[in-house]
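# Commentary on secondary and tertiary structure
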Amino acid sequence: MLPADPAQARRFHDVRARLAGLSPAEAAPTLREMAQRVRHDDLRMVYRAGLGHLGGDFSVTDILVTLYAGVLNVDPMHPLSAERDRLVLSKGHTAGALYATLAHCGFFARRELETFAAPESALNGHPNRTKVPGVETNTGPLGHGFPVAAGIALSARLQASPRRTFVVLGDGELQEGSNWEAAMTAAHYGLSSLFAIVDRNGLQQGARTEETSHLEPLAAKWTSFGWEVREVDGHDHAQLLSTFRQPGTTRPVCVIAHTVKGKGVSFMEDRVE
Amino acid sequence: MSRQTQADVLHDCREAFADTLIALAREDERIVAVCNDSVGSSNLTKFKAEFPDRLINVGIAEQDLVGVAAGLANGGLIPFASAAAPFLTGRALEQVKADVAYSQARVVLCGQSPGLAYGALGPTHHSIEDLSWLRAVADLPVVVPADPTQTAQAVRWAAANPGPSYLRVPRFPVPDVTPPGSPFQPGRALRLTDGNDVTLIATGTMVSRALRAADSLRKEGIGARVINVVFVEPLDTTAVLEAAAQTRGIVTAEEATTTGGLGAAVASLTAQHRPTHLRILGVPRSFAPTGSATFLLEHFGLTAGHIAAAAHDIMTHATV
């Protein structure tokens, strides 16, 4: 397991404490700047390794940064503390965005990012919880993170714990049936502490989702499965923060975050290749 | 032999599973059960009555079942994820690999009605591939109890084990085979009888049949050593290699396909470290015909008589 970076963890703690007292609009510039640095590190990592999924990384970066810096109750110095909030990255192929975000929070040293995909690195192409602090479950094959997140949220309910669980799903990933099994479980148990965030960039590996296997009407699907649905601009930090801060009431919450694959790099945006 | 004379009294191991789980749940509030609409067939009816909030039924959704169990473990609970073995291991194999074994989630996977127990329900419901599949997954102990005592030991061991595990919960009625005070440890098999002519290595339902085979061999003056493998993974390599060195050959017997289970493990080990004569009894790589579990065990040569015949075959053909 990679050790924490105490100095960076302290800085992260201070940033979080400051953001906690700000409105979403006031917090947004800080989040935007952090997301920019995360994208920069991620780009360097993927370029150096010659391996990675920058398009999906960049569509999910603003979501991850907003969660870690503005929402999640986590402590990089104690990554396994029982009462931490949980974030599960079900779209595990965007590990690059997660690693860069975790490093910016101090879960491990930023220099580790240089080892991404190198022999014996803790930073595999898909996240491994036994090696990387902050990772909750090993993902990679799609349709795995959501049932695990439902189980985590269920554990919180059984233990009467206020901790929250967030799972980040790719939109193409929703073609895996196991997601809808988990959607039913979460709704059945009324897991209002669970947020499923759909990174709705509209693209999957080979084509647009709607050309491959229709997901729309997506919001109606989630509603019919018993979820509260919130739709946001997945690159608008103020909207994201406001949405994530507002707790669920009686039902689990699906946040459909409309995003752009490759966001932030003009020639990459919204392109399949 | 007193052990063989008790062979007429048969037990279903499911009660030992259910009672031990309930006893553990009374001691430790982290114990929860998760099932796939299989409250009855997973033997969780009494558990549900006593701990209604700690029985999570996800419905007919095995992938979700295993993922949810991994999430409960992440939250600090100790889930016993229970379903008919063919669906738990077949339908949810990738969840077993990624969410449980690779993630090292403290989940106890409980394969109910394993092997050929579902008999005439047919090959869709037989769980004979599970030992091959799960032996191929890293960092996952594979536990196959042979009687109610071992079933209870397995449940207690798995609950205390900090990592994941897979337990077969026998449904086919079996006699008691476990000597009092037997240890229960990963990588440790039980030697049930001594003998230096031939070795019978059996697991699960085949153990009592191996004991009967040893009894008949003894009457013919052949000393058969019976080794009861409880942990198919990790295997007791010492006991197997000793048997290869000290007896003329080994017969393995399991209620599973011979492609990758106990026999394959013994073959791989001995071929590389101490080549010996081997006869591997199990289900060949074929789908079973219609018939009860008893019929199918006979059909596939998984009886005391077949085990004894295989031992004879070794004695005839093997040079010392």
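Residues numbered from 1 in each chain as written. Chains lettered and ligands numbered in written order. Predicted model: local features only at pLDDT ≥ 70, side-chain atom pairs only at ≥ 80, totals over all residues.

Attention now moves to the overall build of chain A. Check the secondary structure of chain A and you find 9 helices and 5 strands. Secondary structure of chain A in N-to-C order comes out as α-α-α-β-α-α-β-α-β-α-α-β-α-β. Considered along the principal axes of its C-alpha atoms, chain A spans approximately 45 × 45 × 35 Å. For chain A, buried positions account for 54% of its 273 residues. (Helix = DSSP H or I, 4+ residues; strand = E, 2+ residues; numbered from the N terminus. Buried ≥ 20, exposed ≤ 12 C-beta atoms within 10 Å, placed from the backbone.)

All names here are of chain A. Pairing of strand β4 (residues 228–233) with strand β5 (residues 253–258), which is carried by 6 bridges, proceeds in the parallel orientation. Among the inter-strand pairings, Arg230 is bridged to a residue of β5, identified as Val255. As a crossover connection, the stretch from β4 through helix α9 (residues 237–245) into β5 is right-handed. (Pairing = 2+ DSSP bridges. Right-handed = clockwise from strand over helix to strand, strands pointing away.)

Listed per partner, the contact involves 26 residues of chain A and 25 residues of chain B. The biggest single contributor to the side of chain A that touches chain B is helix α5 (residues 145–158) of chain A, with 10 residues. Looking at the side of chain A that touches chain B, its residues break down into 12 nonpolar, 10 polar and 4 charged. (Contact = placed C-beta atoms within 7 Å. Nonpolar A, V, L, I, M, F, W, Y, C, P; charged D, E, K, R; others polar.)

What follows covers the confidence of the model for chain B. All names here are of chain B. Chain-level pLDDT for chain B is 95 on average; 97% of the residues reach the 70-or-more range. Counting interchain partners and residues more than four positions distant, the pLDDT-below-50 stretch residues 1–5 has 6 contacts. Taken over the whole predicted complex, pTM reads 0.96, whereas the ipTM for its chain interfaces reads 0.97. (pLDDT = per-residue confidence, 0-100.)

Strand pairing in a sheet relies on backbone hydrogen bonds, with the paired strands running either antiparallel or parallel. Residue and element names in this part refer to chain B. Across the sheet, 7 strands lie side by side as β2-β1-β3-β4-β6-β5-β10; this open sheet has mixed pairing. The sheet is open, and its two edges are formed by β2 (55–57) and β10 (231–233), each paired on a single side. Sheet topology note: the strand β4 (residues 108–112)/strand β6 (residues 165–169) ladder contains 5 bridges and is parallel. Within the sheet, the bridge partner assigned to Gly111 lies in β6 and is Arg168. The strands touched by helix α4 (residues 62–74) are β1 (31–35), β2 and β3 (78–84); relative to β3, the strand with the most contacts, the crossing angle is about 170°. Packing against the sheet, helix α8 (residues 148–160) makes contact with β1, β3, β4, β5 (142–143) and β6, and its axis sits at approximately 160° to β6. (Axes fitted to C-alpha atoms, helices over the stretch in contact; angles between N-to-C directions.)

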